[in-house]
Amino acid sequence: MILDSKLFEPDTISHSEYAYCFKIDEHFIPSNGNTLHGQYLHHQGDTESKGLIIHFHGNAKNITSHITHVDWLPKHGYDVFIFDYSGYGSSSGTPSRKRLVQNGIDILKYIAKNFDTPKKMIVIGQSLGASIACATISNSDTKIDHLILNSAFPSFRQIVKHHIQKKFKSQLASTFIPIFISEKYDLKDTIKKIRSRILVLHGTRDDITPFRFGKEISRLCNCTFWQSDSGHTQLFRESEEFRNKLLLWLDESR
């Protein structure tokens, strides 16, 4: 895809040195000739797991910087599976949109084959991860009960145009350059094929993906929309209120 490689910002640096009190299993998953690194965060306590949450992280860095978005969930009874896309962290290969979507499909297959069927299957997609999650689900047979989209953008052209305008203040550049960005795997298209219960979250102080993008997505899928005064993907890092609100939303019957 033209300019596709310019969209990704992976690194292989460890950004976290937390010592967690819940059990974490390491997994290495084959995907399209590469090996993906994943971690299974076990729920705490002796009671049955409430469900499995699969986290599709955002664009920059790797799972060591994104784990803090979901590390609060095991103490509330949820298992969590986090993973790095090709070229991120300890995962081999190089990233592309097509490859990341295949990564997601292979992760869902791996989970279905290697773990007991959970009470609920929940996907959280953040920023770029929201687009990859929607493309994955729309191309997979795996049933996802709940889909949570945090700080997402409707299309790759829209997010590129926004950042060109923000950086260069050029109407010509922001009109011309996005033409070379493929529309394949745009969330605005893939979300129409998804039948999961959907929740869209967006912060009014988001300076990476504008708040209006979240509103646009919620209209596309006619789903529940929550707004906060948080920044980009920071809602569950910053707000105990919204953590509790999400737990209640997950506990609700379909």
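Residues numbered from 1 in each chain as written. Predicted model: local features only at pLDDT ≥ 70, side-chain atom pairs only at ≥ 80, totals over all residues. Heavy atoms only, no water.

## A short note on the side chain of His202
Okay, step 1: Structurally, His202 can be placed in strand 9 (residues 197-203).
Okay, step 2: When its relative accessible area of 2% is taken as the criterion, His202 is described as buried.
Okay, step 3: If sequence neighbours within four positions are ignored, His202 has contacts with Ser151, Ala152, Thr209, Pro210, Phe211, Phe213, Gly214, Phe225, Trp226, Gln227 and Ser228. (Helix = DSSP H or I, 4+ residues; strand = E, 2+ residues; numbered from the N terminus. Buried < 20%, exposed > 50% of the residue type's maximum accessible area, 1.4 Å probe, protein only. Contact = heavy atoms within 4.5 Å.)

## With respect to unusual backbone geometry
Okay, step 1: Here the phi dihedral of Ser127 falls at roughly 55 degrees; this positive angle occurs in a residue that is not glycine.
Okay, step 2: Tracing the backbone shows Ser127 in the loop between strand 7 (121-126) and helix 3 (128-138).
Okay, step 3: Although it is not a glycine, Tyr185 sits at a positive phi angle of roughly 70 degrees.
Okay, step 4: In this structure, Tyr185 sits in the loop between helix 5 (171-176) and helix 6 (187-190).

## Some details on the packing of aromatic side chains
Okay, step 1: Per the counting criterion, the structure on display carries 12 aromatic pairs.
Okay, step 2: Ring centres 6.4 Å apart and planes at 70 degrees place the aromatic pair Tyr40 and Phe81 in the edge-to-face group. Here Tyr40, found in strand 3 (residues 34-41), pairs with Phe81, found in strand 6 (residues 78-83); they are 41 residues apart in sequence, far enough to count as distant. Considered together, Tyr40 and Phe81 belong to a single accessibility category, that of buried residues.
Okay, step 3: Aromatic side chains Phe153 and Phe156 sit 5.4 Å apart centroid to centroid with 75 degrees between the ring planes, which places their arrangement in the edge-to-face category. The two residues Phe153 and Phe156 agree in class, both being buried.
Okay, step 4: Cluster of aromatic residues (ring-pair linked, three or more members): Tyr40, Phe81, Tyr110 and Phe115.
Okay, step 5: The ring centre of Phe156 lies 3.9 Å from the NZ or CZ of Arg97, which sits over that ring.
Okay, step 6: Note that Lys245 overlies the ring of Trp226, its terminal NZ or CZ placed 4.5 Å from the centroid. (Phe/Tyr/Trp six-rings, centres within 6.5 Å; stacked < 30°, edge-to-face > 60°. Lys NZ or Arg CZ within 6 Å of the ring centre and 35° of its normal.)

## Considerations on the pattern of salt bridges
Okay, step 1: Counted under the stated rule, the structure contains 8 salt bridges.
Okay, step 2: The salt bridge partner of Arg197 is Glu252, with a shortest N-O separation of 2.5 Å. Pair noted here: Arg197 is in strand 9 and Glu252 is in the segment after helix 9 (240-251), with a separation of 55 residues, a long-range link.
Okay, step 3: Connected through shared salt-bridge partners, Asp186, Lys188 and Asp189 make up one network. (Salt bridge = Lys/Arg side-chain N within 4 Å of Asp/Glu carboxyl O.)

## Looking at helix 9
Okay, step 1: Helix length check: helix 9 (12 residues) gives 17 Å between terminal C-alpha atoms against 16 Å at 1.5 Å per residue, within 8%.
Okay, step 2: Three or more residues of helix 9 are buried, namely Phe242, Arg243, Leu246, Leu247, Trp249 and Leu250. For helix 9, the arc enclosing every buried residue in end-on projection is 160 degrees, short of the 170-degree limit, so these residues lie on one face. More than 90 degrees from the buried face of helix 9, the exposed residues found are Glu241 and Leu248.
Okay, step 3: The N-cap of helix 9, judged by a side-chain oxygen 3.4 Å from the amide nitrogen of Glu241 a few residues on, is Ser239. (Expected span 1.5 Å × (residues − 1). Arc of directions from axis to C-beta. Polar contact = N/O pair within 3.5 Å; in protein donor to acceptor, adjacent residues only side chain to side chain.)

## Concerning the pairing of strand 9
Okay, step 1: Counting buried residues in strand 9 gives 7 out of 7 residues, a clear majority hidden from the surface.
Okay, step 2: Burial along strand 9 is two-sided: Arg197, Leu199, Leu201 and Gly203 facing one way and Ile198, Val200 and His202 facing the other are all buried.
Okay, step 3: Direction of pairing for strand 8 (residues 146-150) relative to strand 9: parallel, over a ladder of 5 bridges. If you follow Leu149 over to strand 9, its bridge partner there is Val200.
Okay, step 4: Once the chain exits strand 9 it traverses helix 7 (residues 211-221) before rejoining the sheet at strand 10 (residues 224-228), and the crossover so formed is right-handed. (Pairing = 2+ DSSP bridges. Right-handed = clockwise from strand over helix to strand, strands pointing away.)

The values reported here are purely geometric and, on their own, carry no functional implication.
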